[in-house]
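In case you want the letters, here they are:
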Amino acid sequence: MVDVSSKNITLREASACGVIEMLASSAEMVRKGDGKKGDVLSVARLAAIGGVKWTQHLIPLCHAIPIEAVSVEFSFEDRESNEPIERLRCTVTARTSGKTGVEMEAMTGASIALLTVYDMIKSIDRHAWLGEIRLLSKSGGKSGQWNR
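Residue positions are given per chain, counted from 1 along the sequence in the order it is written. A pLDDT threshold of at least 70 governs which residues receive local features in this predicted model, and a stricter bar of 80 or more applies before side-chain atom pairs are shown or counted, although totals over entire chains, interfaces and linings include all residues. Note that the side-chain values use all heavy atoms of the structure and ignore hydrogens as well as water.

**Some remarks on the pattern of salt bridges**
- What makes a salt bridge here is a side-chain nitrogen of Lys or Arg within 4 Å of a carboxyl oxygen of Asp or Glu, nothing more. If you walk through the whole model with that rule in mind, you get 9 salt bridges.
- Glu 86 is paired through a salt bridge with Arg 31; the nearest N and O atoms lie 2.6 Å apart. Here the residue Glu 86 occupies a position in strand β3 (residues 85-98), and Arg 31 occupies one in helix α1 (residues 24-32), the gap between them amounting to 55 residues.
- A salt bridge links Glu 132 to Arg 87; the nearest nitrogen and oxygen atoms lie 2.9 Å apart. Note that Glu 132 is positioned in strand β4 (residues 129-139) and Arg 87 in strand β3, a separation of 45 residues in sequence.
- Accessible area is worked out with a 1.4 Å probe on protein chains only. A residue is then buried under 20% of its type maximum, exposed over 50%, and partly exposed in between. On the basis of relative accessibility, which here comes to 33%, the residue Glu 132 falls in the partly exposed class. Helical segments are the DSSP runs of H or I of at least four residues, strand segments are the runs of E of at least two, and each set is numbered from the N terminus.

As structure tokens, this is what we get:
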């Protein structure tokens, strides 16, 4: 692991996002919250928070960070009315007061949320795919603010 013992404790925040593409019929089921396994977005929100908190166990050499706040937002992107595919975006923001950043935690949270959505719609939508996981912003520490 990287030695962070000499770093200052600062407020650190990172936001990351990703998307899952699905059939419009699957998106309608997600919106209604009546999937076979339950309310997809509620379960995916919990999965994102869990993913943020478990990052240290999933990513080798990642520091154990005390997570102080996590927010998870879902939004369907606008589409043409005749388009059979919809895109759901998940944005996760993680915050801590610590010696190292929370970028990996935010990206892990977004990834786990989207994997959960996939798991909950896969029985009705074999064409669903996820991707475009990326860091949107980070702040805190010596390097300060960064935005995509």
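**A look at the nonpolar core**
- To form a nonpolar core, buried Ala, Val, Leu, Ile, Met, Phe, Trp, Tyr and Cys residues must be joined to one another through side-chain atoms within 4.5 Å. Formed by 30 residues in total, the largest nonpolar core has its most connected members in Ile 20, Met 22, Val 30, Phe 74, Leu 88, Val 117 and Ile 121.
- Per-element accounting of this core gives the leading share, 7 residues, to helix α3 (residues 103-121).
- Aside from chain neighbours lying at most four places away, what touches Ile 20 is Glu 86, Arg 87, Leu 88, Leu 114, Val 117, Tyr 118, Ile 121, Ala 128, Trp 129 and Leu 130. It only takes one pair of heavy atoms within 4.5 Å for two residues to be counted as in contact.

**Let's talk about the packing of helix α2 (residues 40-58) against α3**
- Following both chains from N to C, one finds α2 and α3 inclined at 140°, their axes separated by 7 Å at the closest point. Between α2 and α3, the angle falls in the class oblique. Considering only the axes of α2 and α3, their crossing is right-handed. In this structure, α2 contributes Val 40, Val 43, Ala 44, Ala 47, Ala 48, Gly 51, Val 52, Thr 55 and Leu 58 to the contact, and α3 contributes Met 104, Glu 105, Thr 108, Gly 109, Ile 112, Ala 113, Thr 116, Val 117 and Met 120.
- Each residue receives one of three labels: charged for Asp, Glu, Lys and Arg, nonpolar for Ala, Val, Leu, Ile, Met, Phe, Trp, Tyr, Cys and Pro, and polar for the others, Gly being one of them. In the contact of α2 with α3, the residues fall into 12 nonpolar, 5 polar and 1 charged. Interaxial angle, 0 to 180 degrees, is taken between N-to-C directions of lines fitted to C-alpha atoms, where a helix line uses only the stretch in contact. The labels follow the angle: roughly parallel below 35 degrees, roughly antiparallel above 145, roughly perpendicular from 65 to 115, and oblique for the rest. Put simply, a crossing is left-handed when the front helix is turned counterclockwise from the back one by less than a right angle, and right-handed when it is turned clockwise.

**Considering the packing of aromatic side chains**
- We call Phe, Tyr and Trp rings a pair once their centres come within 6.5 Å, taking the six-membered ring for Trp, and we label the pair stacked below 30 degrees between planes, edge-to-face above 60, and tilted otherwise. Counted under the stated rule, the structure contains 0 aromatic pairs.
- The cationic tip of Arg 31 hangs over the ring face of Phe 76; the distance from NZ or CZ to the ring centre is 4.0 Å. For a lysine, the NZ atom is tested; for an arginine, the CZ atom; a charge sits over a ring if that atom is within 6 Å of the ring centre and within 35 degrees of the ring normal.

**Digging into the sheet that holds strand β1 (residues 10-23)**
- For two strands to count as paired, DSSP must find a minimum of two bridges between them. Read across the open sheet, the 5 strands follow the order β2-β3-β1-β4-β5; overall the sheet is antiparallel. The open sheet terminates on both sides in strands that have one partner only, identified here as β2 (69-76) and β5 (146-147).
- Relative to β3, β2 runs antiparallel, the two sharing 8 bridges. Of the residues in β3, the one forming a bridge with Phe 76 is Leu 88.
- Helix-sheet contacts for α1 involve β1, β2 and β3, and the interaxial angle to β1 is about 130°.
- Sitting on the sheet, α2 is in contact with β2 and β3, with an inclination near 140° to β2.

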